[in-house]
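Examination of the molecular architecture
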Amino acid sequence: MAKQKTDPNYKVVAENRRARFDYAIERDLECGIMLEGSEVKSMRVGGTNIAESYATVDDGELWLVNSYIAPYEQAKMFKHEERRRRKLLVSRKELSDLWNATQRKGMTLVPLVLYFNHRGRAKIKIGIAKGKKNHDKRETQAKRDWSRQKQRLLKDHG
């Protein structure tokens, strides 16, 4: 991880911070994403949101639905659709595992982070997750509050 922070090509574009609060993420998977040229340029500038999006398996393909990439102002003729479905690239084995998780086990595919890797390629990390109940969310919040309070006490009296 430390190497990625110093790499000039590595850049986090969008992060779904709410996902870890709303879902219990069992494992995650790195996927490629098919984008148009104006989408890539817009992502490098900023204005991308994956908070309301999700991934789904349709007709043997993995799709990212409802993700937002802001329009790129310099692209006059070749503008992209802001909230179109984008194809995600995974191996056949991973695709069958994802299909089994969603159809048989009732899991959800949640995008966690959209970034450019060290080679400058756009990647998305998908979490295979189960929705949390309200009492689980409260428990997570209580743990987070306690750890914050503990750090504060250690800092003050340490």
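Residues numbered from 1 in each chain as written. Predicted model: local features only at pLDDT ≥ 70, side-chain atom pairs only at ≥ 80, totals over all residues. Heavy atoms only, no water.

By the naming in an unreviewed UniProt entry, the protein goes by SsrA-binding protein and is assigned to Falsiruegeria mediterranea M17. As stated in UniProt under Subcellular location (unreviewed entry), the record for the protein gives "Cytoplasm". For the protein, the Sequence similarities (unreviewed entry) comment in UniProt is given as "Belongs to the SmpB family." (UniProt positions renumbered as here; feature names shortened; annotations may be inferred.)

Concerning the pattern of salt bridges
Overall, the coordinates contain 9 salt bridges when judged by the stated rule. Across the pair Glu36 and Arg84 runs a salt bridge, and its minimum N-O distance is 4.0 Å. Remark: Arg84 occurs in the loop between strand E6 (68–69) and strand E7 (86–89) and Glu36 occurs in the loop between strand E2 (23–33) and helix H3 (37–45); sequence separation between them is 48 residues. A relative accessible area of 19% places Arg84 in the buried class. Several salt bridges share partner residues, and in doing so they unite Glu36, Glu39, Arg84 and Arg86 into one network. (Salt bridge = Lys/Arg side-chain N within 4 Å of Asp/Glu carboxyl O. Helix = DSSP H or I, 4+ residues; strand = E, 2+ residues; numbered from the N terminus. Buried < 20%, exposed > 50% of the residue type's maximum accessible area, 1.4 Å probe, protein only.)

Quick word on the nonpolar core
In this structure, Leu62, Leu88, Leu109 and Leu114 are the most contacted members of the largest nonpolar core, which totals 24 residues. Looking at this core, the element that brings in the most residues is strand E9 (residues 122–131), giving 4 residues. With residues up to four places along the chain from it excluded, the contact list for Leu62 reads Cys31, Ala55, Thr56, Val57, Arg86, Lys87, Leu88, Val90, Leu95, Leu98 and Leu109. (Core = buried A, V, L, I, M, F, W, Y, C linked by side-chain atoms within 4.5 Å. Contact = heavy atoms within 4.5 Å.)

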